[in-house]
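# Observations on the three-dimensional arrangement
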There are 2 protein chains.
Amino acid sequence: MSEATPMRFDLRPEEIPTAWFNLLPSMVGAGIQPLPPLHPGTKEPVTPDLLAPLFPEALIAQEVATDEWIDVPGEVLDVYRLWRPTPLMRATRLERDLDTPARIYFKYEGVSPAGSHKPNTAVAQAFYNRQAGIRRIATETGAGQWGSALSMACRMFGIECLVYMVRASYDQKPYRRILMEAFGATVHASPSDTTQAGKQVLASDPGSTGSLGIAISEAVEVAATNDDTNYALGSVLNHVLLHQTVIGLEAKRQMELAGERPDVVIGCVGGGSNYAGLAYPFMADRLRGAAPDMRFVAAEPAACPTLTKGRFAYDFGDASGMTPLLPMYTLGHGFVPAPVHAGGLRYHGDAPSLSLLVRHGHMEARAYNQNEVFEAALRFARTQGIVPAPEPAHAIRAAIEEAEAAREAGQERVILFNLCGHGHFDMQAYDDYLNGRLPEVEFDPSEEEAALAELPDAPVPG
Amino acid sequence: MSEATPMRFDLRPEEIPTAWFNLLPSMVGAGIQPLPPLHPGTKEPVTPDLLAPLFPEALIAQEVATDEWIDVPGEVLDVYRLWRPTPLMRATRLERDLDTPARIYFKYEGVSPAGSHKPNTAVAQAFYNRQAGIRRIATETGAGQWGSALSMACRMFGIECLVYMVRASYDQKPYRRILMEAFGATVHASPSDTTQAGKQVLASDPGSTGSLGIAISEAVEVAATNDDTNYALGSVLNHVLLHQTVIGLEAKRQMELAGERPDVVIGCVGGGSNYAGLAYPFMADRLRGAAPDMRFVAAEPAACPTLTKGRFAYDFGDASGMTPLLPMYTLGHGFVPAPVHAGGLRYHGDAPSLSLLVRHGHMEARAYNQNEVFEAALRFARTQGIVPAPEPAHAIRAAIEEAEAAREAGQERVILFNLCGHGHFDMQAYDDYLNGRLPEVEFDPSEEEAALAELPDAPVPG
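Residue positions within a chain follow its written sequence, with the count starting from 1. Chains and ligands are labelled by the order in which they are written, letters from A for the one and numbers from 1 for the other. Reporting of local features is limited, given that this is a predicted model, to residues whose pLDDT is at least 70; pairs of side-chain atoms are given and counted only at 80 or more, and all residues count toward the totals for whole chains, interfaces and linings. Only hydrogens and water are set aside; all other atoms, that is, all heavy atoms of the structure, feed into the side-chain values.

## Things to note about the overall build of chain A
When helices and strands are counted, chain A shows 19 helices and 14 strands. Compactness check: chain A gives a C-alpha radius of gyration of 21 Å against a globular reference of 23 Å for 462 residues, within 12% of the reference. With the C-alpha coordinates aligned to their principal axes, the bounding extent of chain A is approximately 60 × 50 × 45 Å. Among the 462 residues that make up chain A, the fraction classed as buried is 67%. By definition, residues are in contact when any of their heavy atoms lie within 4.5 Å. Of the contacts formed within chain A by residues at least 6 apart in sequence, a portion of 77% connects residues at least 24 apart. Where accessible areas are quoted, they stem from the Shrake-Rupley method and a 1.4 Å probe; at the residue level, only the protein chains shown are allowed to cover. Summed over all atoms, the accessible surface of chain A reaches about 14800 Å², with 48% contributed by carbon and sulfur. Here a strand is any run of E in DSSP of at least two residues, a helix any run of H or I of at least four, and the numbering for each starts at the N terminus. In this description the radius of gyration comes from C-alpha coordinates, and the expected globular size is given by 2.2 Å times residues to the power 0.38. The cut-offs for exposure are 20% and 50% of the maximum accessible area for each residue type, with area from a 1.4 Å probe on protein chains only; residues under the lower value are buried, those over the upper are exposed, and the others partly exposed.

## Quick notes on the interface of chain B and chain A
Counting from both sides, the interface comprises 54 residues of chain B and, opposite them, 54 residues of chain A. Buried area is a sum: the accessible area each of two parts loses on coming together, probed at 1.4 Å, counted once for each and added. With both sides pooled, the region where chain B packs onto chain A buries about 4700 Å², and carbon together with sulfur makes up 60% of that total. Among the residues of chain B in contact with chain A, B:Y175, B:R382 and B:H424 are the three that bury the most area, contributing 16% of the side total. Criterion for a salt bridge: a side-chain nitrogen of Lys or Arg within 4 Å of a carboxyl oxygen of Asp or Glu. Where chain B meets chain A, there are 2 salt bridges. Across the pair A:R177 and B:D431 runs a salt bridge, and its minimum N-O distance is 3.4 Å. Ranked by residues supplied to the side of chain B that touches chain A, first place goes to helix 9 (residues 174-182) of chain B with 6 residues. Each residue gets one of three labels, nonpolar for Ala, Val, Leu, Ile, Met, Phe, Trp, Tyr, Cys and Pro, charged for Asp, Glu, Lys and Arg, and polar for the others, Gly among them. By residue class, the composition of the side of chain B that touches chain A is 29 nonpolar, 12 polar and 13 charged.

## Let's talk about the packing of aromatic side chains
Note on aromatic pairs: the rings of Phe, Tyr and Trp (six-membered ring only in Trp) are paired at centre separations within 6.5 Å, and the planes decide the class, stacked below 30 degrees, edge-to-face beyond 60, tilted for the rest. Counted under the stated rule, the structure contains 27 aromatic pairs over all chains. Taking 6.0 Å as the distance between ring centres and 50° as the angle between the ring planes, the aromatic pair formed by B:F9 and B:Y105 counts as tilted. With B:F9 in the segment before strand 1 (19-21) and B:Y105 in strand 4 (residues 103-108), this residue pair connects regions lying 96 residues apart in the sequence. Take B:Y105: its relative accessible area is 2%, and that puts it in the buried class. Each residue in the set A:F106, A:F380 and A:F417 is aromatic and connected to the rest through ring pairs, giving one cluster. For a lysine, the NZ atom is tested; for an arginine, the CZ atom; a charge sits over a ring if that atom is within 6 Å of the ring centre and within 35 degrees of the ring normal. A cation sits over an aromatic face here: A:R177 above A:Y170, 5.9 Å from the ring centre.

## Here's the deal with the relation of the copies chain B and chain A
Once turned by 180° and shifted 0.0 Å along the axis, chain B lies on chain A with an RMSD of 0.0 Å. Here the symmetry operator amounts to a two-fold rotation axis. A symmetric contact is evident, with 100% of the interface residues of chain B recurring at the interface of chain A. To line up the copies, we fit them by least squares on C-alpha atoms, keeping just the residues with pLDDT of at least 70 in both.

## Regarding the layout of surface pockets
To find leftover empty space, a probe the size of one water molecule is rolled over the atoms. Site definitions follow a grid-based scheme: protein atoms alone, a 1 Å grid, a 1.4 Å probe that fits but cannot get out for cavities, and for pockets an open set with protein on both sides within 12 Å along at least five of seven lines, plus lining residues having an atom within 4 Å of a point. Grid points are joined across faces, edges and corners, and a volume is the space filled by probe spheres set on the points. A volume near 970 Å³ is recorded for the largest pocket. In this structure, the largest pocket is lined by 49 residues; those nearest its centre are B:P37, B:E63, B:L237, B:N238 and B:L326. Secondary structure elements with two or more residues in the lining of the largest pocket: helix 1 (24-29), helix 2 (48-51), helix 3 (57-63), helix 11 (212-224), helix 12 (238-257), strand 12 (325-330) and helix 15 (352-359) of chain B. If you tally residues by element for the lining of the largest pocket, the top one is helix 12 of chain B, at 5 residues. Among the residues making up the lining of the largest pocket, the classes are represented as 38 nonpolar, 10 polar and 1 charged. For the second largest pocket, the calculated volume is near 820 Å³. Along the walls of the second largest pocket sit 44 residues, with A:P37, A:E63, A:L237, A:N238 and A:L326 positioned nearest its centre. Put simply, the parts of the chain that give the lining of the second largest pocket at least two residues each are helix 1 (24-29), helix 2 (48-51), helix 3 (57-63), helix 11 (212-224), helix 12 (238-257), strand 12 (325-330) and helix 15 (352-359) of chain A.

## Considering the pairing of strand 5 (residues 136-141) of chain A
Residue and element names in this part refer to chain A. Taken across its 6 residues, strand 5 has 6 buried, putting it largely inside the fold. Pairing between two strands requires that DSSP report at least two bridges joining them. Note that strand 5 and strand 6 (residues 160-166) share 6 bridges and pair parallel. Paired with T139 across the bridge in strand 6 is V163. Orienting the strands away from the viewer, one traces the path from the first strand over the helix to the second; a clockwise path indicates a right-handed crossover. With helix 7 (residues 145-156) bridging strand 5 and the parallel strand 6, this β-α-β connection has right-handed handedness. One ladder, built from 3 bridges, connects strand 5 with strand 8 (residues 229-231); its direction is parallel. Within strand 8, the residue paired with I137 across the bridge is N230.

## Examining the sheet that holds strand 5 (residues 136-141) of chain B
Residues and elements named next belong to chain B. As summarised here, the arrangement of the 4 strands in space is 7-6-5-8, forming an open sheet in which the pairing is parallel. At either margin of the open sheet sits one strand with a lone partner, and together these are strand 7 (186-190) and strand 8 (229-231). Averaged over all pairs of adjacent strands, the angle between strand axes in this sheet comes to 25°, irrespective of strand direction. In this structure, strand 6 (residues 160-166) lies alongside strand 7, joined through 5 bridges in parallel fashion. Paired with Y164 across the bridge in strand 7 is H188. Packing against the sheet, helix 7 (residues 145-156) makes contact with strand 5 and strand 6, and its axis sits at approximately 165° to strand 5. Structural elements are reduced to axes, namely lines fitted to C-alpha atoms, with helices fitted over the stretch in contact, and the angle between N-to-C directions of any two is expressed from 0 to 180 degrees. Against the sheet, helix 9 engages strand 5, strand 6 and strand 7, with an angle of about 170° to strand 6.

## Some remarks on helix 9 of chain B
Residue and element names in this part refer to chain B. The element helix 9 is extensively covered by neighbouring structure, given that 7 of its 9 residues are classed as buried. Among all positions of helix 9, only Y175, R176, R177, I178, L179, M180 and A182 are buried. Positive phi shows up at G184, right after helix 9, with a value of about 95°.

## As for the sheet that holds strand 5 of chain A
All names here are of chain A. A sheet is described by the order of its strands in space; here 4 strands give the open sequence 7-6-5-8, paired in parallel fashion. Edge strands, defined here as strands with exactly one partner in the open sheet, are strand 7 (186-190) and strand 8. Averaged over all pairs of adjacent strands, the angle between their axes in this sheet comes to 25°, without regard to strand direction. Against the sheet, helix 7 touches strand 5 and strand 6, its axis set at about 165° to strand 5.

## Side note on empty space enclosed by the protein
Enumeration over the complete set of coordinates arrives at 10 cavities of 30 Å³ or more. What the largest cavity holds in volume is close to 530 Å³. Lining the largest cavity are 37 residues, with A:P87, A:Y108, A:V111, B:P87 and B:V111 sitting closest to its centre. Of the residues contributing to the lining of the largest cavity, the split by class is 22 nonpolar, 11 polar and 4 charged.

## Concerning the pairing of strand 11 (residues 311-316) of chain B
Residue and element names in this part refer to chain B. Where burial is concerned, most of strand 11 is hidden: 5 out of the 6 residues are buried. Bridge analysis of strand 11 against strand 12 gives 6 bridges, and the strand direction is antiparallel. Looking at strand 12, one finds that D315 is bridged to L326.

## Structural notes on helix 11 of chain B
Residues and elements named next belong to chain B. With 13 residues, helix 11 should reach 18 Å at 1.5 Å per residue; the first-to-last C-alpha distance of 18 Å fits that figure. Counting buried residues along helix 11, 12 of its 13 residues qualify, which places the element largely inside the surrounding structure. Its buried side turned inward, helix 11 meets strand 5, strand 6, strand 7, helix 10 (196-204) and strand 8. Helix span, expected: 1.5 Å multiplied by one less than the number of residues in the helix.

## Quick look at the nonpolar core
Core analysis: the biggest nonpolar cluster contains 168 residues, and A:W20, A:Y80, A:F417, B:W20, B:Y80 and B:F417 have the highest contact counts within it. With near-sequence residues (within four places) excluded, B:Y80 lies in contact with B:I16, B:W20, B:V72, B:P119, B:N120, B:V123, B:H243 and B:V246. In this text, buried Ala, Val, Leu, Ile, Met, Phe, Trp, Tyr and Cys residues form a nonpolar core when linked through side-chain atoms within 4.5 Å. Of all hydrophobic cores here, the second largest spans 69 residues; its members include A:I247, A:M283, A:L307 and A:L326.

## Re the packing of helix 6 (residues 119-131) of chain B against helix 12 of chain B
All names here are of chain B. Where helix 6 contacts helix 12, the two axes come as close as 8 Å, and the packing angle between them is 125°. One element, helix 6, and the other, helix 12, form an angle in the oblique class. As for how helix 6 packs across helix 12, the hand of that crossing is right-handed. On helix 12, the residues touching N120, T121, A124, Q125 and Y128 of helix 6 are H239, V240, H243, Q244, V246 and I247. Here the angle decides the label: under 35 degrees means roughly parallel, over 145 means roughly antiparallel, 65 to 115 means roughly perpendicular, and every other value means oblique. Take the far helix as your reference; a near helix turned counterclockwise from it by less than a right angle gives a left-handed crossing, and one turned clockwise gives a right-handed crossing.

## Observations concerning the side chain of A:D431
The topology assignment puts A:D431 in helix 18 (residues 427-434). Residue classification places A:D431 among the buried positions, given a relative accessible area of 8%. Those residues in contact with A:D431, other than ones at most four positions away along the chain, are A:R437, B:R177, B:I178 and B:E181.

## Describing the pattern of salt bridges
Two side chains that carry opposite charge are able to pair once their charged atoms sit near each other. Residues and elements named next belong to chain B. In this structure the tally under the stated criterion is 64 salt bridges over all chains. Among the salt bridges present, the one from E250 reaches K107, with a minimum N-O distance of 2.7 Å. Highlighted residues: E250 in helix 12 and K107 in strand 4, separated in sequence by 143 residues. Exposure remark for E250: the relative accessible area of 0% places this residue in the buried category. Given the relative accessible area of 0%, K107 is considered buried. A salt bridge links R397 to E375; the nearest nitrogen and oxygen atoms lie 3.9 Å apart. One end of the pair, R397, is in helix 17 (residues 390-409); the other, E375, is in helix 16 (residues 370-384), with 22 residues separating them in the sequence. The class for R397 is buried, based on a relative accessible area of 16%.

As structure tokens, then:
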């Protein structure tokens with residue numbers, strides 16, 4: 001047997017985090033005051049009662065919680081235990097292939113039953129809704145990761161699940177639809193004729209391939225107009241990011257097992273939940289001054305470059321202006337991205353807390369085009385075996401850049417990224433890449449300028 | 001936090017098995033002498049030189065090894081470490097749903113990068129071939145699990161991979177083909193026009209949907225006629241089953257961690273490798289008299305009922321009679337099963353060692369039809385979250401039967417089965433099941449009688 005470099009840093013089942021981590025106190029401590037969401041009509045800060053038709057009380061409380069730690073309920077832990085703690089691995093084969101002195105670690109969330117990190121919050125949301133006596137949850141899904149996670153979670157807590165799936169993905173990814181149906185969910189392609197919001201879009205554009213914003217409008221409408229139905233979101237909101245911190249809490253302990261402290265923490269960003277989940281427990285160290293040099297890199301698609309080319313403004317979370325206005329980087333709520341394969345990274349906005357961290361210079365953002373992302377994905381698959389989903393392939397691309405920079409600089413560098421899902425549902429994208437069929441979709445800012453100019457400013461606090 | 005029943009029994013990374021377990025000495029000790037393979041022409045026992053054009057020396061030696069333990073090379077361990085040790089879980093949610101006093105455990109091999117147990121042997125085979133200076137490996141694949149595992153393994157050891165994929169699966173499962181291509185393999189639908197064997201089949205049946213036997217003939221032909229190319233098989237042979245024993249070796253330790261001894265050990269059987277991998281380390285206890293009451297159940301599809309309706313005879317491993325004759329349960333090497341969704345369980349024969357164990361009454365076999373298998377699969381997915389591949393869904397079906405029998409008998413019963421892969425590449429099958437499109441394919445023995453009658457007897461030894 002060879003004297004191998006340790007490659008895997010496993011926690012014991014009983015080391016699963018029993019509380020979620022709330023970054024808010026650390027942000028406030030660093031002088032970064034959160035901005036409140038605004039009422040879509042009055043433009044005044046929203047009160048909890050506005051959210052009550054959509055979310056159970058417990059989640060509304062988590063949305064504005066100021067406690068640093070929030071207990072994970074036992075019934076949620078029981079489900080987490082089906083796949084958590086997840087592995088943290090060192091990518092020694094990729095390192096060798098890159099001939100880099102950098103040490104590359106990744107947290108792997110693809111071992112969850114749905115194949116991604118999304119169940120971390122889906123399970124919690126289903127639990128709190130069941131606890132509140134809700135019979136059904138309506139939601140939207142882009143690539144299908146969120147929809148399949150919520151379908152699974154709802155089934156486990158005996159709740160019905162209604163999913164509006166962006167038409168482009170519905171047609172491109174039938175396997176994701178079937179996965180949701182296997183868990184017992186009802187799936188509609190969005191825009192659909194089951195809601196007023198969907199009908200309006202179809203009336204003006206019968207061939208619409210949809211967007212997350214439109215699908216959100218449909219799901220919110222169903223929840224707002226049915227007493228027994230709530231709404232659930234798979235990213236962006238504080239409580240969603242909170243639930244995802246189990247990723248980073250585990251990763252911190254695992255990096256300690258490896259005897260390492262990351263120099264740079266990387267993740268892909270659509271709405272921000274997988275990256276915040278990994279990054280926030282580490283970010284707290286930076287905000288408190290314990291790790292001032294730790295860098296944070298958010299990777300996004302060039303076709304939907306919210307953080308790199310968007311405006312920091314108040315904007316709606318959905319396409320038709322039903323949700324509160326959120327202070328965030330946005331490309332405008334009317335933005336419909338090209339149907340690129342990173343289906344989960346096509347949201348017009350980003351999580352407010354993550355947007356603030358970028359705005360304050362605690363995180364940097366980089367945008368990549370499809371082909372360089374899939375090149376990185378294949379390089380990873382062919383060295384480490386795991387075929388990544390297109391979304392985290394953006395993080396792999398950034399990790400490879402960091403490792404190459406370390407090589408140029410002749411520098412040891414500890415890189416940590418979130419491999420938030422496997423690509424077994426995304427093989428068509430690989431086929432398109434391997435056969436040269438992936439177009440480079442560039443973002444054209446001129447088309448968005450008018451829409452963006454109309455958005456109310458989000459003042460930079462702190 | 002709730003006082004939860006322990007559900008997961010993890011080994012530490014350093015507890016990965018460092019030697020494979022060979023059941024042969026235990027079988028011989030119990031009076032079961034293996035029967036030799038016979039030369040296809042002379043019908044005399046084969047000598048190692050007959051296999052030399054196809055396999056490297058190390059694997060030929062393992063095929064006839066009499067040592068009980070065979071060291072896993074360090075480079076193989078290094079790759080195993082990318083996903084091993086794999087989880088052993090207790091299916092408490094399924095137990096509750098079944099209202100059974102039985103305790104159901106499963107070993108989960110779906111966490112491997114290819115999504116199944118197949119890399120356990122693919123990695124070993126690629127390693128020994130690289131060591132022998134081989135440039136390329138040719139193989140066949142049915143559902144695609146084996147082909148994708150070997151493609152990954154070949155890439156890791158710098159060997160080319162050429163895969164003949166059964167036409168029915170090639171058309172039904174494009175994602176599996178793409179996965180192989182993502183790892184850099186060349187994939188042909190079989191029968192193909194790249195071999196004499198394929199051309200012959202196409203000449204008589206241009207629309208042939210293929211069979212594993214035909215695909216084996218094609219791959220063997222390429223290996224036999226090219227010096228730089230070897231052949232690799234994903235099941236049936238002794239060395240393949242040997243490599244899979246890492247599953248059972250881990251599971252034995254994990255069951256000890258759980259403080260349990262299985263009353264019944266269950267697996268699905270196509271060629272026999274995943275089930276042997278789990279079962280053989282436990283079977284040794286039965287054969288040695290340490291666990292005389294431990295039962296072993298092999299689950300197979302009613303559409304390809306090799307163990308339950310086949311004949312114990314000498315038969316070819318491939319369709320066109322190029323391989324040695326193997327002593328096994330067989331439906332005849334000309335048997336072409338209906339294209340049912342359990343694509344990996346459609347082989348006409350079964351591993352000789354496993355066939356002998358059935359013949360001697362140490363294992364029982366049960367056959368299930370498609371719809372009862374998918375019913376069990378969905379029940380598992382909706383309670384445990386994991387969507388199983390159609391193949392191990394046969395094992396789940398058998399496990400549920402055992403758990404229901406335990407309930408009827410008011411009996412505690414410890415059930416262990418092998419969940420050898422996830423179903424993320426098999427969603428079309430679930431769609432067909434959910435929409436009532438799965439036909440019940442019954443095996444008609446009358447069609448096979450003539451072919452089976454011509455096979456030479458395999459005497460029952462011992």
